[in-house]
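Structural features, examined
What follows is each chain in one-letter form.
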Amino acid sequence: MDSVFHDLDGQSGRRAAEKELRRLRKMCRPEAAYQAWVETFIASEYEKMAAREFLSCDYVFAGMGRYRAVMLKEQLGSFVDWINANGSAFMGQPERATQEEIRQYIACHANDACQ
């Protein structure tokens, strides 16, 4: 899922995320154990969130690129406010998120679920 923050954060944010992922993968040896943990975690969180509505929305930052955000429906107002506060940002029409987008959202917010 591309985000404007990946471009704004540059390589430092990606390096930090990759370092954390490498640390986690070392804890889950062999690789099959890691993959099984990922699938179990995502399936469990997906089941917990089954009643919640997720939206996805394309947005553009002029001069930077096109991105896609996935969010809970109740977060849409904040997202719209954020877009409107940026003179170079424009958004498309929000639509219901696909199962794959929701799974990616869960994976990207795994740290939130574990706290």
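Shown above is the structure to which this text applies.
Described below are features of the structure shown in this document. Keep in mind that what you see is a predicted model, and the values were worked out from it rather than measured.

1. Let's talk about the overall build of the chain
Each helix and strand counted, the chain has 5 helices and 4 strands in total. Listing the helices and strands of the chain from first to last along the sequence gives α-α-β-β-α-β-β-α-α. Scored against the burial criterion, the 115 residues of the chain give a buried share of 26%. For the chain, the exposed surface amounts to about 7,900 Å²; the carbon and sulfur share of it is 52%.

2. Looking at the side chain of Glu45
Within the secondary structure, Glu45 sits in helix 2 (residues 31-48). What makes Glu45 buried here is its relative accessible area of 10%. Among the polar contacts listed, one links the side chain of Glu45 to the side chain of Lys48, at a separation of 2.9 Å.

3. Side note on the pattern of salt bridges
One pass over the full model with this rule turns up 8 salt bridges. With its nearest N and O atoms 2.9 Å apart, the salt bridge here joins Lys48 to Glu45. Of this pair, Lys48 and Glu45 both sit in helix 2, 3 residues apart, which is roughly one turn of the helix. Taking relative accessible area as the criterion, Lys48 reaches 61% and is therefore assigned exposed.

4. Comments concerning the pairing of strand 1 (residues 54-61)
For strand 1, the tally of buried residues reaches 6 of 8 residues, placing the bulk of the element in the interior. Note: strand 1 against strand 2 (residues 65-72), 8 bridges, orientation antiparallel. From the neighbouring strand, Asp58 faces strand 2, where its bridge partner is Arg68. As consecutive antiparallel partners, strand 1 and strand 2 are separated by 3 residues, and within that stretch Gly63 has a phi angle of approximately 80°, a positive value. Pairing geometry for strand 1 and strand 4 (residues 95-96), over 2 bridges, is antiparallel. Bridged to Ser56 within strand 4 is Glu95. In this structure, strand 1 lies alongside strand 3 (residues 89-91), joined through 3 bridges in antiparallel fashion. For Val60, the partnering residue across the bridge sits in strand 3 and is Phe90.

5. So, helix 2
Its 18 residues place the ends of helix 2 26 Å apart at the C-alpha level, agreeing with the 26 Å of an ideal helix rising 1.5 Å per residue. Along helix 2, the positions that sit buried rather than exposed are Tyr34, Val38, Phe41, Ile42 and Glu45. Looking straight down helix 2, one finds that the buried residues subtend no more than 95° of arc, so they occupy a single side. Among the exposed residues of helix 2, those pointing more than 90 degrees away from its buried face are Ala32, Thr40 and Glu47.

6. Digging into the packing of aromatic side chains
Aromatic ring pairs are defined here through the distance separating the ring centres and the angle between the ring planes. Counted according to the given criterion, the structure contains 8 aromatic pairs. Of the aromatic side chains, those joined through ring pairs into one cluster are Tyr59, Phe61, Tyr67, Phe79 and Trp82.

Cut-off values and rules
Residues numbered from 1 in each chain as written. Predicted model: local features only at pLDDT ≥ 70, side-chain atom pairs only at ≥ 80, totals over all residues. Heavy atoms only, no water. Helix = DSSP H or I, 4+ residues; strand = E, 2+ residues; numbered from the N terminus. Buried < 20%, exposed > 50% of the residue type's maximum accessible area, 1.4 Å probe, protein only. Areas by Shrake-Rupley, 256 points an atom, 1.4 Å probe, with all protein chains shown as cover. Polar contact = N/O pair within 3.5 Å; in protein donor to acceptor, adjacent residues only side chain to side chain. Salt bridge = Lys/Arg side-chain N within 4 Å of Asp/Glu carboxyl O. Pairing = 2+ DSSP bridges. Expected span 1.5 Å × (residues − 1). Arc of directions from axis to C-beta. Phe/Tyr/Trp six-rings, centres within 6.5 Å; stacked < 30°, edge-to-face > 60°.

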